[in-house]
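# Tertiary structure, described
Now for the letters of each chain:
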Protein chains: 2
Amino acid sequence: MTDPFVVIGGDAAGLSAASKLKRERPDRDVIVFEKGSWVSYAQCGMPYYVKGEVESLRDLLSLTPEAVADRGIDLRRRHEVVAVNTADRTVTVESESTRFERSYGDLIVATGAHAVADPIAGGDLTGAFTMHSMDAAAALRAFLTPPNAVGTDIEKGGVVPDLEYVDAERVERYAEMEPPTGVAIVGGGYVGVEMAEAFSAHDLDVHLFQRPDRLLPEFGQAVGETVEATLVDHGVDVRIGTEVERLAGTDRVEAVVTADERVSVDLALIGIGVRPNAGIVDDTPIERGASGAIATDEYGRTTAGRVFAAGDCAEMRHAVTGEPDWVPLGLTANRAGRAIGSTVAGDPTPVGEIAGTAAVKAFDQECGRTGILDHGRAREAGFDPVSETVTAGSRSGYYPGAAETTVTLTADRETGRLLGGSIVGTDRAAIRIDTLATALESDLTVPKLERLDLAYAPPFSPVWDPVLVAAKVLNGRLSDAE
Amino acid sequence: MTDPFVVIGGDAAGLSAASKLKRERPDRDVIVFEKGSWVSYAQCGMPYYVKGEVESLRDLLSLTPEAVADRGIDLRRRHEVVAVNTADRTVTVESESTRFERSYGDLIVATGAHAVADPIAGGDLTGAFTMHSMDAAAALRAFLTPPNAVGTDIEKGGVVPDLEYVDAERVERYAEMEPPTGVAIVGGGYVGVEMAEAFSAHDLDVHLFQRPDRLLPEFGQAVGETVEATLVDHGVDVRIGTEVERLAGTDRVEAVVTADERVSVDLALIGIGVRPNAGIVDDTPIERGASGAIATDEYGRTTAGRVFAAGDCAEMRHAVTGEPDWVPLGLTANRAGRAIGSTVAGDPTPVGEIAGTAAVKAFDQECGRTGILDHGRAREAGFDPVSETVTAGSRSGYYPGAAETTVTLTADRETGRLLGGSIVGTDRAAIRIDTLATALESDLTVPKLERLDLAYAPPFSPVWDPVLVAAKVLNGRLSDAE
């Protein structure tokens, strides 16, 4: 009897791997150790739950523990793997009541990432949150909901009791507090921007503090500026280039403090990034890459035999640079986990590359990005970057609903190869980034991009799609440079 | 002094070529002969003008004759080129008052296509229309508008007088008639489907007759069935597999006659396809391809020296088969015309390939298609086609507005290469076809398609985009077949 496939972490990557192996090889034992109570939840949906657009926390569960069990997977929640021994092929597991070792035939490390909060003093005050757990989302929504709000969409606390794994104590504590009136969002990346929309829906005074010189830095300047203008239009107080020194308060958050100012708030949301949970591999032959995440090859294999890693704790190869990179995103985790499940089942399957394709909603603006936009990064990877930004219509100009769509493309001057792109607009903009993501994976040049046979129909796209307009302009510039 | 660049046809392809050459080489003389009164109009927008969503016929003009002149182009409307002499490099031109010859340095044939109406007896009765000219669109809208409808969006006839080139006599004749109450649409392709929506907006009884076994045959079965159900839901009487034998009536259309039935209507719209206007090249060394359209190479050159052809009258190379094909669509015409303008200017520029990418709106359904879906056609091109159709969500299931999206993919069994795809759904479905169109141009295989790093964000796309779900399922089937 082969030793089991042991999975460390019961979220997207881990459960995808477990499910795929069990489907292909029902004879293999599969054990998943998850240190928390939650499994397989849609982290990207949490801002919409806090906002109130998603009714119940339960809606964010992709798989219940029962559904996992139905797949024949031995799921052990509240079991933390505290050590990996690659020589003996064992893991050491701790739960509340016990500590034991377990042998593995194959192992996948799928421990995810954690939100960075530590650098901000006061991050442990009541009223300070990060958005990296279902418990935080539940507590936050409980905090935002007026007491006795029965009969509205959101019943105070009423959305959680049927989920046994929520941190009920924390939720109830926040449910009993008066709802906040002012919120500081620390960080203007995805989480910050999405949460600005969520808090605005609750009529809070929203202050957003962003240390870098624009919002959504990974999306490039044009997107950042458009999103900033949109947030301001919606009443958000956006402070660009402003560092939050600390959160002030005795037990509860009372204010954020910057170099120049003290802004009174009773809620603080810290969204300054995530870091891989990769400590488990220290003191093992499993190597971490330059990013700090676990190094993997094209099959998701680590540097130790029969040990895989996937998801937010692992590096993957970047489609543009061909180099290892760390971009923790949901599809990457699901796809890599699934591929590893196939590989362990005996069908070697590449985990695929990442292009850093991402989309985010900022009120009515749809934003997308893919590949390498930043010129510094492009130069590091050996390219000579050149970019163009154009604004074009989303539909034929005469058709109702046409909206300005701004596209930035970055290419390599010498080869004309597309390196990356971004898009922002209110009319079907985000989904258009997939055209560029697909082009990137095929190493398409800008002249070829310009000649793509994309769809034209007045209600959906003008003759020259905004992506094609951008390619045309950038191509003109590349030709001039010859 | 070089002889001028002569352009036959003043629409998308011809004016794109003329404008591009004039921009790059202001010293070159450019003459455009257009046999009609209209230039550069958005044919694809006409259904929305008839519907009333587009207010004025003027909105559909991309370029006015004055704007063309401002570009330094010598535009001669109501001048028909009746002969081409490639030995002498001359064209023979007729206008109302004169007939003359003109030498050319380079020539582009951009004569477009015409709607097929002849096979239907009665197609010349009053009340019978095709949708292939601005005059027809103007007359149709005049016919649909109630007399004395001043003050509504649509003033009877009031939308046209400021355009000197409209056929005012025809418009006024229809404006004076009582608006129709029942309409027969003959043909269930793009035009038929779009016009069903347009006529329904005017509260007509709409009967749609389609001889083939489904609507939008080029979009595949899944799209055809969804669109049929949608039209029926909106009260359209859809007759599939039903041939119209003739239109009956003395002077005016009174009924459509099929083998079994006579349906009373007072308007008939014939949309049974278009054919290339390529007769001009007969008796010249300029060859036509198997489709009947003018044969061209990758630079849009015909078989005669310094003679190009582009747009709806010309063949292009298909991205999947690599063979000449004829797919008359707006982007193709614009792109090929522009490329030929560059080539004539001295910068040889490929016209690009066509994938037959198209999108169409059918009430709330968005439909897209690209490449080769039809198995018969795939086999003719030497492939062994295999298809899968899946229905998946357009957004994360918990996010409001998620809608079913149906994707069909066709691939070659042996190589796994993607051959074509279609999509239908109500939520941002059409634009997703661009992902497949881009994949086709890169000869992507289905396993690679499955690994594309597409955008995921709950409001726009689920973790596994419907396109990826379809790739996953088709890939499973390709693997099983190994």
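Computed from a predicted model, the values in this text were never measured in an experiment. Within each chain, residues carry numbers counting from 1 in the order of the written sequence. All chains are assigned letters beginning at A, and all ligands numbers beginning at 1, according to the order in which they are written. Reporting in this predicted model follows two pLDDT cut-offs: at least 70 for local features of residues, and 80 or more for side-chain atom pairs to be given and counted; totals over whole chains, interfaces and linings ignore these cut-offs and use all residues. The side-chain numbers reported here are obtained from all heavy atoms of the structure, hydrogens and water having been left aside.

### Quick notes on the interface of chain A and chain B
How big an interface is tends to be reported as the loss of accessible area on association of its parts. The criterion used for residue contact is that any of the two residues' heavy atoms lie within 4.5 Å. Residue-level contacts link 60 residues of chain A with 60 residues of chain B. The working definition used for a salt bridge is a side-chain nitrogen of Lys or Arg within 4 Å of a carboxyl oxygen of Asp or Glu. There are four salt bridges connecting chain A and chain B. Salt-bridge contacts for Glu 450 of chain A lead to Arg 338 of chain B; the nearest nitrogen and oxygen are separated by 2.9 Å. In protein, a polar contact requires one atom able to donate a hydrogen and another able to accept it; more generally it is a pair of N or O atoms within 3.5 Å, and residues adjacent in sequence count only if both atoms are side-chain atoms. Linking chain A with chain B are 23 residue pairs in polar contact (both at pLDDT 80 or more), by the criterion used here.

### What about the relation of the copies chain A and chain B?
Our superposition of the copies is a least-squares fit, built on the C-alpha atoms of residues whose pLDDT is at least 70 in both. Of the two same-sequence chains, chain A is brought onto chain B (RMSD 0.0 Å, axial shift 0.0 Å) by a rotation of 180 degrees. In symmetry terms, the pair is related by a two-fold rotation axis. Relative to the rotation axis, the C-alpha of Thr 435 of chain A is the closest in chain A, positioned 2.4 Å from it.

### Comments concerning the domain arrangement of chain A
Residues and elements named next belong to chain A. What counts as a domain boundary in this text is fixed by an automatic or database domain assignment. Domain annotation for chain A reports domain 1 (5–36 + 78–112 + 275–344), domain 2 (128–272) and domain 3 (364–481). Relative to domain 3, the C-alpha centre of domain 1 lies at a distance of 35 Å. Domain 1 puts five residues into the contact, and the matching count from domain 3 is ten residues. Here the quantity called buried area is the accessible surface, traced with a 1.4 Å probe, that two parts lose on coming together, added over both. Each partner contributes to the roughly 520 Å² buried at the junction of domain 1 and domain 3, and carbon and sulfur atoms together form 60% of this total. For the pair domain 1 and domain 3, the interface holds one salt bridge. Between Asp 325 and Arg 377 there is a salt bridge whose closest N-O contact spans 2.4 Å. There are three residue pairs in polar contact (both at pLDDT 80 or more) connecting domain 1 and domain 3. Classification convention: Asp, Glu, Lys, Arg as charged; Ala, Val, Leu, Ile, Met, Phe, Trp, Tyr, Cys, Pro as nonpolar; all other residues, Gly among them, as polar. Split into classes, the residues belonging to the side of domain 1 that touches domain 3 amount to two nonpolar, two polar and one charged.

### A few points about the packing of aromatic side chains
Residues and elements named next belong to chain A. Aromatic rings from Phe, Tyr and Trp, taking only the six-membered ring of Trp, are treated as a pair when their centres fall within 6.5 Å; an angle between ring planes under 30 degrees marks them as stacked, one over 60 as edge-to-face, and anything in between as tilted. Counted by the stated rule, this structure contains twelve aromatic pairs over all chains. Seen in terms of ring centroids, Tyr 190 and Phe 219 are 5.9 Å apart; in terms of plane orientation they differ by 80 degrees. Their pairing is edge-to-face. In this pair, Tyr 190 sits in helix 6 (residues 190–200) while Phe 219 sits in the loop between strand 11 (205–210) and helix 7 (220–233), placing the two residues 29 residues apart along the sequence. For every residue, the accessible area (1.4 Å probe, protein chains only) is compared with the maximum for its type, and the residue is labelled buried under 20%, exposed over 50%, or partly exposed between those bounds. Its relative accessible area of 1% is what places Phe 219 among the buried residues. What links up through ring pairs into an aromatic cluster is the set Phe 129, Phe 143 and Tyr 174. Note on geometry: a ring has a charge over it if NZ (lysine) or CZ (arginine) is within 6 Å of the ring centre and within 35 degrees of the ring normal. The residue whose ring lies beneath Lys 472 is Trp 464, and the NZ or CZ to ring-centre distance is 3.7 Å. Helix and strand definitions here come from DSSP, where helices need a minimum of 4 consecutive H or I residues and strands a minimum of 2 consecutive E residues; each element is numbered from the N-terminal end.

### Re unusual backbone geometry
Residue and element names in this part refer to chain B. For Arg 306, which is not a glycine, the phi torsion comes out positive at approximately 60 degrees. We classify Arg 306 as partly exposed; its relative accessible area is 39%. Of note in the backbone geometry, Asp 443 takes a positive phi value of approximately 55 degrees without being a glycine. Mapped onto the fold, Asp 443 is located in the loop between helix 10 (433–441) and helix 11 (446–450).

### Description of helix 5 (residues 168–176) of chain A
All names here are of chain A. When we look at burial in helix 5, the residues that qualify are Val 171, Tyr 174 and Ala 175. The buried residues of helix 5 occupy an angular sector of 105 degrees when the element is viewed end-on, so they sit on one face. Those residues of helix 5 that are buried are in contact with strand 9 (128–130) and helix 4 (134–144). In this context, the arc is that of the directions from the helix axis out to the C-beta atoms.

### Things to note about the side chain of Asp 427 of chain B
All names here are of chain B. Here Asp 427 is to be found in the loop between strand 25 (418–425) and helix 10. Of the polar contacts made by the side chain of Asp 427, one reaches the side chain of Arg 395; its length is 2.7 Å. At a separation of 3.0 Å, a polar atom in the side chain of Asp 427 contacts the side chain of Arg 428. Not counting residues up to four positions away in its chain, the partners in contact with Asp 427 are Ser 394, Arg 395, Gly 401, Ala 403 and Arg 432.

### Overview of the pairing of strand 22 (residues 365–371) of chain A
Residues and elements named next belong to chain A. The buried count for strand 22 comes to seven of seven residues, which makes it a mostly enclosed element. For two strands to be treated as a pair, DSSP must find at least two bridges joining them. The pairing of strand 21 (residues 358–362) with strand 22 spans five bridges and is classified as antiparallel. Its bridge partner lying in strand 22, Val 360 is registered against Cys 367. The antiparallel hairpin formed by strand 21 and strand 22 contains two residues in its connecting segment, where Phe 363 sits at a positive phi of about 55 degrees. In this sheet, strand 25 (residues 418–425) lies alongside strand 22 in antiparallel orientation, the contact comprising six bridges. Bridge pairing links Arg 369 to Ser 422 in strand 25.

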